[in-house]
Amino acid sequence: FLKDVIDEAVENGISFKKHKVMLLFAAEAFTENFRDHLLKKANVENTLTDAINIYGSADIGTMAFETPLSILARRLALKNEKLFAELFRGTTKTPTFAQYIPQFVSFEAPNGEILVSVDSALPLMKYSIGDHGGVYNFTELAERFRSHGIDLKKEARMAGIGAHLRELPFVYVYE
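Rules used in this analysis
Residues numbered from 1 in each chain as written. Predicted model: local features only at pLDDT ≥ 70, side-chain atom pairs only at ≥ 80, totals over all residues. Heavy atoms only, no water. Salt bridge = Lys/Arg side-chain N within 4 Å of Asp/Glu carboxyl O. Helix = DSSP H or I, 4+ residues; strand = E, 2+ residues; numbered from the N terminus. Buried < 20%, exposed > 50% of the residue type's maximum accessible area, 1.4 Å probe, protein only. Phe/Tyr/Trp six-rings, centres within 6.5 Å; stacked < 30°, edge-to-face > 60°. Lys NZ or Arg CZ within 6 Å of the ring centre and 35° of its normal. Core = buried A, V, L, I, M, F, W, Y, C linked by side-chain atoms within 4.5 Å. Pairing = 2+ DSSP bridges.

J.: Looking at this structure, I do not really get the pattern of salt bridges. What am I missing?
T.: Pairing is possible between side chains that carry opposite charge, provided their charged atoms lie close to one another. Applying the stated criterion across every chain yields a total of 13 salt bridges. Salt-bridge contacts for Arg-35 lead to Glu-32; the nearest nitrogen and oxygen are separated by 2.9 Å. Of the two residues, Arg-35 and Glu-32 are both situated in helix H2 (residues 32–41); the distance of three residues between them amounts to about one turn of the helix. Across the pair Glu-66 and Arg-35 runs a salt bridge, and its minimum N-O distance is 2.8 Å. Taken together, the residues span a long stretch of sequence, with Glu-66 in the loop between strand E3 (61–65) and helix H3 (68–78) and Arg-35 in helix H2 at a distance of 31 residues. A single burial state applies to Glu-66 and to Arg-35, both of which are buried.

J.: Looking at this structure, how should I read the environment of Ile-114?
T.: With respect to the helices and strands, Ile-114 occurs in strand E6 (residues 113–118). Separated by 58 residues in sequence, Ile-114 and Tyr-172 have C-alpha atoms that sit 9.1 Å apart.

J.: Would you mind going over the packing of aromatic side chains with me for this structure?
T.: Between two aromatic rings, the relevant description is the distance of the centres plus the angle of the planes. Under the defined criterion, the tally for this structure stands at eleven aromatic pairs. Between Phe-97 and Phe-170, the ring centres sit 5.1 Å apart and the planes meet at 15 degrees, which makes this aromatic pair stacked. With a gap of 73 residues between them, Phe-97 in strand E4 (residues 96–99) and Phe-170 in strand E8 (residues 170–174) connect regions that are remote in the sequence. Phe-170 sits in the buried class, given a relative accessible area of 0%. Here the aromatic cluster, defined as three or more aromatic residues joined through ring pairs, consists of Phe-84, Phe-88, Phe-97, Tyr-136, Phe-138, Phe-170, Tyr-172 and Tyr-174. The ring of Phe-30 carries Arg-74 above its face, with NZ or CZ at 5.8 Å from the centroid.

J.: Looking at this structure, how should I read the nonpolar core?
T.: Among soluble globular proteins, nonpolar side chains are generally buried collectively. Counting residues in each nonpolar core, the largest one holds 24 residues, and the members touching the most others are Leu-87, Phe-88, Phe-97, Leu-141, Phe-145, Leu-152 and Phe-170. By residue number, the principal contributor to this core is H3, which donates six residues.

J.: What am I meant to see in the pairing of strand E5 (residues 105–108) here?
T.: Working note: regular strand, side chains alternate between the two faces of the sheet. Burial along E5 is one-sided: Val-105 and Phe-107 are buried, while Ser-106 and Glu-108, pointing the other way, are not. Between E5 and E6, which pair antiparallel and follow one another directly, the connecting turn spans four residues, one of which, Asn-111, has a positive phi of 55 degrees.

J.: Would you take a moment to explain the environment of Phe-1 for this structure?
T.: When you line up the elements, Phe-1 lands in the segment before helix H1 (2–11). Assessed through its relative accessible area of 79%, Phe-1 is described here as exposed. Distance in space between the C-alpha atoms of Phe-1 and Ala-73 is 26 Å, their sequence separation being 72 residues.

Dropping the structure here:
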């Protein structure tokens, strides 16, 4: 939908250069090339802070969200084939990679099946959402990167997102 809106706006002579554009996606996973394409067309300033994707469902709502750190981590993993394969076991596709607030929602992924527990109007415990993926706490993720020679916190500082660093857990989702 956003791609259609942006493409048609440009085709109809609407200039995004006059505006501070930020994008919020609520969709299946998409590639970083797709993100870059839309950001360039819409004149979005910062790849890591100005265009995020959320992970949600009709029955639960928003469960997790991309953060500057999760976007950076995914982009770094895409540049390192071995890290990508180790980090996103079970897929060669680009997964959604998001952080979540464990006080509101919790994920588990036994055998790669995403299970979610959430305390809402209808409390759900270990609800199978029908998605596949995995879960990492912050320390586990940092260790995976470190084992491939990448200091995730240092990379975040170098990318100018040190102030956006939140040591929340991560969930990756595909299919």
